[in-house]
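What follows is each chain in one-letter form.
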Amino acid sequence: MKKKKELSYDSALAELQELVGQLQEEVISMDDLSEKAKRAAELVKFCQDKLRKTEEELKGLFEDSTT
């Protein structure tokens, strides 16, 4: 089984920006549109989750330092 490369926020954002660019330039074929839209949704969710987790960690750091 092929090992999946671990995704980072930066690489997810770059891939998402590339997909958006392709959509805006209309270079994605109708056959690939559904697959690309699903991938874009996965990347958006990944980035949102990463941002939420980072925000929670930062809040925890600042809450700990004020007590």
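Our structure is the block above this text.
Here is a short report on the structure shown in this document. (Residues numbered from 1 in each chain as written. Predicted model: local features only at pLDDT ≥ 70, side-chain atom pairs only at ≥ 80, totals over all residues. Heavy atoms only, no water.)

### Considerations on the pattern of salt bridges
Stage number 1. One pass over the structure, following the stated rule, counts 4 salt bridges.
Stage number 2. Across the pair Arg39 and Glu15 runs a salt bridge, and its minimum N-O distance is 2.8 Å. In this pair, Arg39 sits in helix 2 (residues 30-66) while Glu15 sits in helix 1 (residues 9-24), placing the two residues 24 residues apart along the sequence.
Stage number 3. The closest approach of N and O atoms between Asp49 and Arg52, which form a salt bridge, is 3.5 Å. Linking Asp49 with Arg52, this pair stays in helix 2, spanning 3 residues, or about one helical turn.
Stage number 4. With a relative accessible area of 35%, Asp49 lands in the partly exposed category.
Stage number 5. On the basis of relative accessibility, which here comes to 46%, the residue Arg52 falls in the partly exposed class. (Salt bridge = Lys/Arg side-chain N within 4 Å of Asp/Glu carboxyl O. Helix = DSSP H or I, 4+ residues; strand = E, 2+ residues; numbered from the N terminus. Buried < 20%, exposed > 50% of the residue type's maximum accessible area, 1.4 Å probe, protein only.)

### As for the nonpolar core
If you look at soluble globular proteins, the nonpolar side chains tend to sit buried side by side.
Stage number 1. Formed by Ala12, Leu16, Leu19, Ala40, Leu43 and Cys47, the largest nonpolar core amounts to 6 residues.
Stage number 2. Elements supplying a minimum of two residues to this core: helix 1 and helix 2.
Stage number 3. When residues no more than four places from it in sequence are discounted, the contact partners of Ala40 are Leu16 and Leu19. (Core = buried A, V, L, I, M, F, W, Y, C linked by side-chain atoms within 4.5 Å. Contact = heavy atoms within 4.5 Å.)

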